[in-house]
Amino acid sequence: MEIRAQPGNCEAKHLNPFTKLRRHLTPAQINFYFSIVCFFSPPVLGSLVSITFNAGGVWSVLLLAVKRRRFNIDGPMLALTAAIYAYCAAMILASIVNGTLAADLRFFLPLITFLLFPISYSTWSITEKDALARIAILASTAACFGALAIAVFQYHWLGVRAEGGAGNPIVFATVTCLAIMTCLAGALSGIEKRWKLLVLAAIAGAMAIVYSGSRMIWVAVPIAGIVVLLINRRRFTGASMARFVAIGVVVALVIAVIGSRVVLDRTDFLVSDWDALNANGDHSTALGLRVAMWEIGFAAVREMPIFGHGITASRALMKQGLHDRFGLSAGFSHFHNGFLTAMVEAGLLGALALASIFIFAAWNAARTLRIRADPVERFGATMVLVAVITYLIGGMAGILVGHDILDAVLMVFLISGTYLASGRTVAPTGKDAPAMAPDTSPQP
């Protein structure tokens, strides 16, 4: 018998490594690796997520320009895009009204992350929904274990509050909280069968948050966890629900005992700060500084309620106010309340536009949960809701938007969650279009 070599195999053997790599890196594979980085890196590798997201967004602009991607337009995406762009427009308008456009230009760079929202949404939506959901769950699982390893090292060996790869305890706790909720949602939804691994990862992430000492995220974790449980309550009988709650309480107590030193230290700091503020009017503590910034911020809002002061002027007002009114030589990029910062910088217009982002996102997620039963769609809606809850709670006494990691992660969760919940999958076009399969249907 004569054996003939397969042309495809011979050709593959003679391909150079770069050609092989290019053939391997199909649009679907690129999105696969891109998604892993976006969900794994925030707690562990910090700003890599913002670099990856923004680079991917810029690359997506080029792909759309050469018609290798198609613009994916659907109702929820358009509503979120309108809210996001309204916020960006309000920030720019405030600078124009105050005549500080030139001075504020460098502060507009973070807005690029927001402006890339519809572009990245269109590129991400070539990924199959089931695949994207599992990537988010498993990458978040790895992120939780990585977060705990870094947190233990930083707290016990370096003697500092755990800040992970983010370099900031509050940011680290915020993104780790999202990873925890993604694991829980994946375990309860039934998308990933290895639910015990996911629960263990969530516990590891919770321990990392305890080591961060971020008190507002300590509040966000149980609230977001209860929401995830309520969303998936139909999967439980009364007995299993009670057992799950009991296990949750036991786990919480174990975490509290292990992290008791951190909890007691942070509680003591809060009590002492409160006593110093009330007894001596001391605004040099963490709590005192926040109160001082809120007083300065609300006074600034009363001066310019509609359009705000612009970014540069807002920071100057804060620094001058802390010096003149409280005798403090300190300055910050935000007023430690997300909506107050938006009001000072861009007035009521900016605050309303910022609020509309979270309102539209939560409304669409709630609508999906009300009318759809598909586990992947409900998982996407859950991602959006836990992101809204975590950001709003954390932003009440910290930063809501305006930090590169937080901005990128917010976009990642809004894009992927909205797409999974109610978006449509599209195919690449041009050279990246999938090859047509041969027609194997029976001929008449």
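Residues numbered from 1 in each chain as written. Predicted model: local features only at pLDDT ≥ 70, side-chain atom pairs only at ≥ 80, totals over all residues. Heavy atoms only, no water.

Caption draft 1: Geometry of the pattern of salt bridges. According to the stated counting rule, one finds three salt bridges in the structure shown. When the shortest N-O distance is used, the salt bridge between Arg 134 and Glu 192 registers 2.7 Å. Of this pair, Arg 134 sits in helix H9 (residues 129-157) while Glu 192 sits in the loop between helix H10 (169-189) and helix H11 (195-212), and the two are 58 residues apart along the sequence. Accessibility expressed as a relative area gives 34% for Arg 134, which makes it partly exposed. A salt bridge links Glu 295 to Arg 325; its shortest N-O distance comes to 3.5 Å. Of this pair, Glu 295 sits in helix H15 (residues 286-303) while Arg 325 sits in helix H16 (residues 311-326), and the two are 30 residues apart along the sequence. Here the salt bridges share partners, and the residues they tie into one network are Arg 134, Glu 192 and Arg 194. (Salt bridge = Lys/Arg side-chain N within 4 Å of Asp/Glu carboxyl O. Helix = DSSP H or I, 4+ residues; strand = E, 2+ residues; numbered from the N terminus. Buried < 20%, exposed > 50% of the residue type's maximum accessible area, 1.4 Å probe, protein only.)

Caption draft 2: Main features of the side chain of His 334. In this fold, His 334 is placed in the loop between H16 and helix H17 (338-371). For His 334, the side chain forms a polar contact with the side chain of Ser 333, separated by 3.1 Å. Filtering out sequence-adjacent residues up to four positions away, His 334 remains in contact with Met 293, Met 318, Thr 341, Gly 398 and Ile 399. (Polar contact = N/O pair within 3.5 Å; in protein donor to acceptor, adjacent residues only side chain to side chain. Contact = heavy atoms within 4.5 Å.)

Caption draft 3: Local environment of the confidence of the model for the protein. Per-residue pLDDT for the protein has a mean of 86; in total, 89% of the residues score no lower than 70. The weakest mean pLDDT in the protein belongs to helix H1 (residues 7-13) at 49; the strongest belongs to helix H18 (residues 375-395) at 96. Across residues 1-8, confidence stays below pLDDT 50; counting only partners more than four residues off in sequence or on other chains, it has one contact. Low pLDDT, under 50, characterises residues 436-444; the stretch is placed with zero contacts to residues that sit more than four places away or in other chains. (pLDDT = per-residue confidence, 0-100.)

Caption draft 4: Fine view of the packing of helix H3 (residues 27-45) against H9. With their axes 8 Å apart at the nearest point, H3 and H9 run at an angle of 30° to one another. With respect to H9, the axis of H3 lies roughly parallel. The handedness of the crossing between H3 and H9 comes out as right-handed. Residues Phe 32, Ser 35, Ile 36, Phe 39, Phe 40, Pro 43 and Val 44 of H3 pack against Leu 132, Ile 135, Ala 136, Ala 139, Ser 140, Ala 142, Ala 143, Gly 146, Ala 147 and Ile 150 of H9. (Axes fitted to C-alpha atoms, helices over the stretch in contact; angles between N-to-C directions. Parallel < 35°, antiparallel > 145°, perpendicular 65-115°, else oblique. Left-handed = near helix turned anticlockwise from the far one by under 90°.)

Caption draft 5: Quick peek at helix H5 (residues 75-97). Taking 1.5 Å of rise per residue, 23 residues should cover 33 Å, and H5 covers 32 Å from first to last C-alpha, within 8% of that figure. For H5, every residue scored as buried is listed here: Pro 76, Met 77, Leu 80, Thr 81, Ala 83, Ile 84, Tyr 87, Cys 88, Ala 90, Met 91, Ala 94 and Ser 95. Against the buried residues of H5 lie helix H6 (101-104), helix H7 (111-115), helix H8 (117-124), H16, H17 and helix H19 (404-422). If you check the start of H5, you find a side-chain oxygen 3.0 Å away from the backbone N of Met 77, and it comes from Asp 74. Downstream of H5 by a residue or two, Gly 99 has a phi angle that is positive, lying close to 70°. (Expected span 1.5 Å × (residues − 1).)

Caption draft 6: Spatial organisation of the packing of aromatic side chains. For the structure shown, the criterion picks out eight aromatic pairs. Relative to Tyr 419, the ring of Tyr 121 lies with its centre 6.3 Å away and its plane at 90°, an arrangement referred to as edge-to-face. Linking Tyr 121 in helix H8 with Tyr 419 in helix H19, this pair joins segments that are 298 residues apart in sequence. An identical accessibility class is assigned to Tyr 121 and Tyr 419; each is buried. One aromatic cluster in this structure is built from Phe 117, Tyr 121 and Tyr 419. Against the face of Tyr 419 rests Lys 129, its NZ or CZ located 5.4 Å from the ring centre. (Phe/Tyr/Trp six-rings, centres within 6.5 Å; stacked < 30°, edge-to-face > 60°. Lys NZ or Arg CZ within 6 Å of the ring centre and 35° of its normal.)

Caption draft 7: Structural view of the nonpolar core. One finds Phe 53, Trp 124, Met 181, Leu 354, Ile 357 and Met 411 to be the most contacted residues of the largest nonpolar core, which totals 107 residues. Here this core takes 14 residues from H10, the largest share from any one element. (Core = buried A, V, L, I, M, F, W, Y, C linked by side-chain atoms within 4.5 Å.)

Caption draft 8: Region of the structure containing the packing of H18 against H19. Across the interface, H18 lies against H19 with an axial gap of 7 Å and an inter-helix angle of 150°. Taken together, the axes of H18 and H19 are roughly antiparallel relative to one another. As H18 packs across H19, the resulting crossing turns out to be left-handed. Seen from H18, the contacting residues are Val 376, Glu 377, Phe 379, Gly 380, Ala 381, Met 383, Val 384, Ala 387 and Tyr 391; seen from H19, they are Leu 406, Val 409, Leu 410, Phe 413, Leu 414, Ser 416, Gly 417, Thr 418, Leu 420 and Ala 421.

Caption draft 9: Focus on helix H12 (residues 215-231). If you check H12, its first and last C-alpha atoms are 25 Å apart, about what 17 residues at 1.5 Å a residue would give, namely 24 Å. If you check which residues of H12 are buried, you get Ile 217, Ala 220, Val 221, Ala 224, Gly 225, Val 228, Leu 229 and Ile 231. The arc that holds every buried residue of H12, seen down its axis, measures 160°, which confines them to one face. (Arc of directions from axis to C-beta.)

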